[in-house]
Structures are given as C-alpha cells and as structure tokens.
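# Residue-level structural notes
Each chain, letter by letter, is given below.
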Amino acid sequence: MSTDRVRIFDTTLRDGEQSPGASMNTEEKLEIARQLVRLGVDVIEAGFPISSPGDFESVVRIGAEIGDACVVCALSRAIPKDIEAAAEALAAAKRPRIHTGIGVSESHLRDKLRISRDEALERAVAAVKLARTFTEDVEFYAEDAGRADPEFLYRMAQDVIRAGATVVNIPDTTGYAYPEDFGSLIGGLMEHVDGIEDVTVSVHCHNDLGLATANSLAGVKAGARQIECTVNGLGERAGNTALEEVVMALKQRPDVFGAETGINTREIVRTSRLVSSITGIVVQPNKAIVGANAFAHSSGIHQDGVLKERTTYEIIDPADVGAGGSSIVLTARSGRHALRHRLEELGFEMAEDEFERIYADFLALADKKKEVYDEDLEALVGERERTIGETYHLQELHVMCGEPGVPTATVQIVDRDGNVLVDSSHGTGPVDALYKAINRLIDVENDLIEFSVQSVTRGIDALGEVTIRVRAGDGRVFTGRGAHSDIIVASARAYMNALNRLLVAASTDIHEEL
Ligand code: KIV
Ligand code: ZN
C-alpha cells in the first residue's frame, strides 16, 4: 500500500473556542497558533471574522505573524458580508484560505435556513465564486452533511467544485454518523462527483456519540485527505475530533491507513497542556494520548509486564508524543542557569526582566516544596501571563476563618491608573468572603457557576490550581484560573482572572453566530 499524506486542519481557535467557557483573547490565540506551527499542522482555522471584532483581529494577527509556515483559514457563512470580512481579515496572510458553506440536511434547509435545495445550491455557488475573487484557496463546507441526503450532497459538491472550490469539507455537524455510514458517504462522493480527484476532501466530525475519531478515520479510509480537528478534542457541545487521536492512529497503524501526517508528534503533549492551561478546560486523566494516565500502569500484572518489556502493555512510546519525563531535578538550590535551561526545554522563551520575575516566583515555591516539577513551572508561567494587561490587579489579601467564627476577608486591589482600593466582607466560608470583598470593589454583574480545585503535581506541598467559570450579565461564560501553593490565594487569582477577562470582552460584542 502506498503512503498518502493526510493534511491536518486545526480548528482549536475556531470550533474549539466554541466550547462553553473556552473563549480566548488575541494574545492567547497567538500563543496557541505559534505552538500549532511547532506541532506542524497544515492549516490553522484562526477564527470567524464577521462574528466579533476580537475574532477579526485574531485572524489578522495570526495571518500576519504565521507567514508561510502553514495555511491560515477564516470561516464565513455563504453570505457576501461574511466572505468579504474573511478576505479583509486575511489580507496580510501569505497563504490565506476562505472557508465558506451552507447547510445541506433537510433539517437545516427547512428549519434553520428556510430555503429550498435549489436556493441552497445557488447560494453555495455564489459564495464560492465570490471567495475565489479574493484567494485561490477556497474550502466549502456542507453543514450537517452527516444527516443529508447523499444524492443532494453529491450535487452540491459537484456544483461547488465547478464554481472553484479547492477543498470540499464534509462535516458531521451533529455527530450523528457512525463509521461505516460515514465511510460510505465519503466513498460515494469519490465515486459520483466529477473532478473530486482534483480537490481535497476534508472530514469534520463532532463527538456527540463519541465517534468523531472513528468517523474521521473511516473518512480517510474512503479517500478523505484532510482531517479537521482540535487539540484535546475541544469544540461545540461534546467537541470535535481530537487531533492527538487521529494523528497517532494514522502513525501507529500504517498497515490499516497507508497514510501519514506532517505532525511532529513530540510536540503533542506540550500543545495539549498549553491549550488546557489557556482555556481552563482540564483534560480528563484517562483521555487517550494526552491524559495524565495515558501511560500509567497500575495493576501489578501490567507493571511486571511493562518492566520486562514496555510494549507488552504500551502501543505508543510516551517519548513519541512528548510525554517523557525530565531528568533535571529543580529545587531551592537550583540556580538561574538550570531554571532557564528547563524553561527553554519546555518551549518558554522570555525577556530577561520577565525571567527574573519567574525566577523569584520559582524560589518562593521551591522554598515550600522539595521538588519543582515541569507542571509547576507551566503553572507559574501561566500565572504570570494571566496578569499581563489586567484592568484590576490583586495586591494583597487577608482571610480569617475557623470554627467557631465568621469567615472574613480583606482585599487590596490596584486599578490601571494606580488607585489602591481596599474593602472587606464576611461570608459563609473563606472563598465566599473573599469573592464578596472583591465584588464590593469591582462592580460587574456576574454569577459564579463552577469552581474546582486540583493539584498541579503530587504531594501535600503541591501547587493548587483553581479553575472557575462565571456567567456575565449578558449570559456569556468566562473562565478564570489561578495557581498558588495556598488555595485561598489561587481562588482569589482565579476570580480576578475571570473578572479581568469579562471586563475586556465587555467591549467586544458578538454580532453574528453560526
Ligand atoms: O460542524 C460544522 O459543521 C462546522 C462548520 C462551520 C464547518 O463547524
Ligand atoms: Zn464543527
């Protein structure tokens, strides 16, 4: 079997961002985009420019910065103002792609778009033709193809190819398909559509039945040569196909697929951690490839087997996905050199003054802990990054609690103009008192809807990481994260992080939705 190249289209910054609470600001998206380039993706879908000024700006900045390292793609509906906004946002991109499309299932035509099949065909063709006036690289998506009449889908594909589409994307938007079914749909397309061999067929699967990876791979077996996916499987509802899963399946089973990707798999774990840290969406421990337990062996029989020969219970070498351990042990006695070396190995580059701040944080933590692990360093760097550009900065906090007694908190906050604000409150517990004290100083409507604490590493002295979600007055959900060896401080930082993000986003109204 000859080996074919399957392109990896990453949509973490677009469909992934549609995960509730995963919204990212432009700087965070740029950081992920840089890592996606290191990972070796073929296409970055950077956003949906018409949807908000923030999305527009992200596409502009990513397009300008990425150069020709990979294709930068912008989403649009089959509507002229969407396509024009996508083209404008991509103006500085070296390899721009416009992704446009329309619903094709009866449900979408009848209930959402309220148009006939012929009108959908007309709008699709017009959209592709308009997009082609801006770029030669035009991808068309047939939304909800997984539930569409195959004959109509073939006709739609035929028409958009004639209109100039260079990639035809077959999304299982609702995660309804199962592998045999989805493979046949792609196989039918390859058989019935003239000129299909001259374009790239793409698959874009959602995970509502937990079948996104299987469906994407079935699509590849039937002839698709692009997979749309997200890091950690983020995405609308149950998420999209997980990048790490399809990439490793293709790599581990060349006998089945005869296909390879251009992904540098050693960057997978680092990418996963970065996305988790920025979005605040924790990876489940048993998640394939990137979960904390993906290479952990617990039963005595398994441990015995692995110690004799790793492959008895392990089909992937952890080093192949970048899950190998560190050999330098960082403690309070480690100097700047060792810390800088380790940070660089972890992919963090920073200016001297920023490094000095991290070094001070590192020493403070190392004083409390015997050993500082990679995960601690990632949390420290993440903590620093979260404070850049804050509207309000938490300067001091004091909390009193105990039994009996009334939990009371006092906080001191500094605003952008340097004004120092102080207030106190009592509450049902220390975190409640703290959040009430912060609310007395930062007057912004919000409801705390989720609060979770987890330890970044092992042991009683581990750094605690608090992730929270707050719902703003307009219904939008914002995530906040904070890390510290004192979980009360971590809780305060997480709340400040969420409120700062909410305040930044308050100036950015979402106008359009898919
Ligand atoms: O799931 C879907 O159909 C999409 C399209 C916009 C490509 O995300
Ligand atoms: Zn999608």
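Note that the structure is predicted; figures quoted are calculated from it, not measured.

## A short note on the coordination of the zinc ion (ligand 2)
Protein coordination of the zinc ion (ligand 2) is provided by D15 (OD), H204 (NE2) and H206 (NE2), with donor distances spanning 2.0 to 2.1 Å. Ordering the donors of the zinc ion (ligand 2) by residue number gives the pattern D-x188-H-x1-H. Each member of the pair H204 and H206 is classed as buried.

## A short note on the domain arrangement of the protein
Taken domain by domain, the protein consists of domain 1 (4–279), domain 2 (300–385) and domain 3 (390–504). Between domain 1 and domain 2 the total buried area reaches about 1,100 Å² when both faces are included, carbon and sulfur atoms providing 43% of it. On the domain 1 side of the contact with domain 2, R266, R270 and R273 bury the most area, a combined 42% of that side's loss. Between domain 1 and domain 2 we count 2 salt bridges in total. The partner of R273 in a salt bridge is E378, with the nearest N and O atoms 3.4 Å apart.

## Things to note about the sheet that holds strand β11 (residues 392–400)
With respect to topology, 3 strands assemble into an open sheet ordered β11-β12-β13, the strand pairing being antiparallel. The open sheet has two edge strands with one neighbour each: β11 and β13 (420–426). Ignoring which end each strand starts from, the neighbouring axes of this sheet average 15° apart. Strands β11, β12 (408–415) and β13 of the sheet are contacted by helix α16 (residues 430–441), whose axis makes an angle of about 140° with β13.

Criteria and cut-off values
All residue numbers refer to position in the chain's written sequence, counted from 1. The naming scheme follows written order: chains are lettered A onward, ligands numbered 1 onward. Local features in this predicted model are restricted to residues whose pLDDT is 70 or higher, and side-chain atom pairs enter the listing and the counts only when it is 80 or higher, whereas totals over whole chains, interfaces and linings include all residues. As a convention, hydrogens and water are excluded, and side-chain values are obtained from all of the structure's heavy atoms. Any N, O or S atom lying within 2.8 Å of the metal counts as a donor, with the limit raised to 3.2 Å for Na, K and Ca; because water is left out of the atom set, some sites can appear incomplete. Between buried and exposed lies partly exposed: a residue is buried under 20% and exposed over 50% of the maximum accessible area for its type, with that area taken using a 1.4 Å probe on protein chains only. Each domain's limits were defined by an automated method or a database of domain assignments. Once two parts are joined, some of their accessible surface, as seen by a 1.4 Å probe, is lost; buried area is that loss totalled over both. Each salt bridge in this description consists of a side-chain nitrogen of Lys or Arg and a carboxyl oxygen of Asp or Glu lying within 4 Å of one another. A pair of strands is considered paired only if DSSP assigns at least 2 bridges between the two. A helix here means a DSSP run of H or I that spans at least four residues, while a strand means a run of E at least two residues long, and both kinds are numbered starting from the N terminus. To get an axis, a line is fitted to the C-alpha atoms, and for a helix only the part in contact is used. The angle between two axes follows their N-to-C directions and goes from 0 to 180 degrees. Residue contacts are defined here by distance: any two heavy atoms, one from each residue, within 4.5 Å place the two residues in contact.

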